[in-house]
There are 4 protein chains.
Amino acid sequence: MNITLEQAEKIIVAAKSKSSELNTKMNIAIVDSGANLIAFARMDGAWLGSLDISIKKAKTARFFDMDTGIIGELSQPGGSLYNIEHSNNGLITFPGGIPIKDADGNVIGAIGVSGSTVENDHAVAKAGTEVI
Amino acid sequence: MNITLEQAEKIIVAAKSKSSELNTKMNIAIVDSGANLIAFARMDGAWLGSLDISIKKAKTARFFDMDTGIIGELSQPGGSLYNIEHSNNGLITFPGGIPIKDADGNVIGAIGVSGSTVENDHAVAKAGTEVI
Amino acid sequence: MNITLEQAEKIIVAAKSKSSELNTKMNIAIVDSGANLIAFARMDGAWLGSLDISIKKAKTARFFDMDTGIIGELSQPGGSLYNIEHSNNGLITFPGGIPIKDADGNVIGAIGVSGSTVENDHAVAKAGTEVI
Amino acid sequence: MNITLEQAEKIIVAAKSKSSELNTKMNIAIVDSGANLIAFARMDGAWLGSLDISIKKAKTARFFDMDTGIIGELSQPGGSLYNIEHSNNGLITFPGGIPIKDADGNVIGAIGVSGSTVENDHAVAKAGTEVI
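Residues numbered from 1 in each chain as written. Chains lettered and ligands numbered in written order. Predicted model: local features only at pLDDT ≥ 70, side-chain atom pairs only at ≥ 80, totals over all residues. Heavy atoms only, no water.

A. Quick peek at helix 1 (residues 5-21) of chain B. All names here are of chain B. Over its 17 residues, helix 1 runs 24 Å from end to end, which matches the ideal 24 Å to within 8%, given 1.5 Å per residue. Buried within helix 1 we find Leu5, Ala8, Ile11, Ile12, Ala14, Ala15, Lys16 and Ser19. Immediately beyond the C-terminal end of helix 1, within one or two residues, lies Asn23, with a positive phi of roughly 60 degrees. (Helix = DSSP H or I, 4+ residues; strand = E, 2+ residues; numbered from the N terminus. Expected span 1.5 Å × (residues − 1). Buried < 20%, exposed > 50% of the residue type's maximum accessible area, 1.4 Å probe, protein only.)

B. Layout of the interface of chain B and chain A. Contacts between the two partners involve 20 residues from chain B, matched on the other side by 18 residues from chain A. Carbon and sulfur atoms supply 63% of the area buried between chain B and chain A, which totals about 1400 Å² over both sides. Looking at the side of chain B facing chain A, the largest losses of area belong to Trp47(B), Leu48(B) and Phe94(B), adding up to 35% of the total buried there. The interface formed by chain B and chain A contains zero salt bridges. Tallying contributions element by element places helix 2 (residues 50-64) of chain B first for the side of chain B that touches chain A, with four residues. Residue composition of the side of chain B that touches chain A, grouped by class: nine nonpolar, eight polar and three charged. (Contact = heavy atoms within 4.5 Å. Buried area = accessible area lost by both parts, 1.4 Å probe. Salt bridge = Lys/Arg side-chain N within 4 Å of Asp/Glu carboxyl O. Nonpolar A, V, L, I, M, F, W, Y, C, P; charged D, E, K, R; others polar.)

C. Structural view of a nonpolar patch on the surface. Residue and element names in this part refer to chain C. Side chains of Phe63, Phe64, Met66, Ile70, Leu74 and Leu81 sit close together on the surface and give an oily, nonpolar patch of about 440 Å² of accessible area. Taken together, the elements giving at least two residues each to the nonpolar patch come down to helix 2 (50-64) and helix 3 (68-74). Its place among the elements puts Phe64 in helix 2. Since its relative accessible area comes to 32%, Phe64 is described here as partly exposed. (Patch = residues over 30% accessible without salt bridge, like charges linked within 9 Å, V, L, I, M, F, W, Y side chains within 5 Å. Areas by Shrake-Rupley, 256 points an atom, 1.4 Å probe, with all protein chains shown as cover.)

D. Summary view of the packing of helix 1 (residues 5-21) of chain C against helix 4 (residues 118-129) of chain C. Residue and element names in this part refer to chain C. Two elements in contact, helix 1 and helix 4, have axes separated by 8 Å at closest approach and are oriented at 140 degrees. Between helix 1 and helix 4 the crossing geometry is right-handed. Contact residues: Ile11, Ala14, Ala15, Lys18 and Ser19 in helix 1; Ala123, Val124, Ala127, Gly128 and Thr129 in helix 4. Here the contact of helix 1 with helix 4 is built from residues that sort into six nonpolar, three polar and one charged. (Axes fitted to C-alpha atoms, helices over the stretch in contact; angles between N-to-C directions. Left-handed = near helix turned anticlockwise from the far one by under 90°.)

E. Structural view of the relation of the copies chain A and chain C. Between the two copies, chain A and chain C, the superposition gives an RMSD of 0.1 Å; the rotation angle is 179 degrees and the shift along the axis is 0.1 Å. Overall, the copies show the geometry of a two-fold rotation axis. Scanning chain A for the C-alpha nearest the rotation axis identifies Phe40(A), at a separation of 2.4 Å. A symmetric contact is evident, with 100% of the interface residues of chain A recurring at the interface of chain C. (Least-squares fit on C-alpha atoms with pLDDT ≥ 70 in both.)

No statement about biological role is implied by the geometric values presented.
Shown next, in the form of structure tokens:
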């Protein structure tokens, strides 16, 4: 159960389209079920620092099979997962990372988007996952 | 005074059994008195991101000879050990890591468990230490 | 003077096509003039270990504006650049990385390909650069 | 297509048995198809430095779906893959890492063994793979 490159590229097309609709410039990363990069695109003029963030968001979403923003709620000071970001060579736990599931609900990979507000990042990631 | 592989494997059997009883899927890491990995098991379907966390919990517990959750109370903003997680290539300071002691109370290693809530992680780690 | 995402994606299409023609499965990475990843694709079934190698080849080619294989000739024992691979968080200096130039000969980025013999890696990278 | 923990633990039992037969003390690491650690055992008295080597051998074997020693023949000075060891956060390319295949020949993971001569390391790894 693993995402294919064809699926990953279809997701990137959809994410780029949503990003343009929102008038943003995004870094878009797709990882497979082993949390390894399968496809990536950085839109012209997108923040350079968001390159690594988008990849870390995708990995984080697959590492725990949940939206990155959910982990971020638990990793706050006093929260049960405080400073979990120090694991796995650096997690990113604000919104923009979402697991990708097949028709049967199996996690086959994840998308990570970075380049704008976390609301926009999440919206673009969501638009990407919806084509599967 | 060092944990043996036979002891470590007995601990993993107990931890897996407790994990199944709680209907969870865990990563279970055992380190020796030198804080080096001696045994490890990732249950089928356990979170990938918890692999590194379980090892870091075990190391953290042995680094300071105390439960990881205790350190986490001191590493909060304003606390005396604020952001201690930046040391040692990354500590994990929420519950799930427990020192392992011999009959005389000497620390001979530590266990780290990750894959569910911190309460479950701690319960599984505790079940592991109790067979020694 | 920087490669655009549209150009990078065109290069990836050409590289994938050449790879299929050679009956190989490749990791294909494109970096911009700042040596930062702009686009990436891992073909289904390609070696996992070639992911990092393809990115390092692209970076190496842009770091020194020459084919990676040329650097590899100079980095041998006794050579003038012996063990240069230790710099920049790891270089890869065997063939498969090629600078990408615009019509005026300016370097606007680089491609790195990994997944087969170094001869095939280089051929696929070359096919990619030829569409610009 | 992924190795199960039960399979990985059976492999470790076989590898420990072969190691004892050879009068050696080994570090034995098993990774899954995503090159992530699934099980590990360090025999009492085994070299500490071999812990990391065993894990890197297992990852290297899965990264390229071949015995680690084969890569080592190509990564010598003047060889086509010279200094490939700088990729993927460090490869180990001498014998002791072997891919694990299912009955249909699909790679489902890999084993890495370190703690003695490379001949013994390889023999123990091979004994491990043979129980699948």
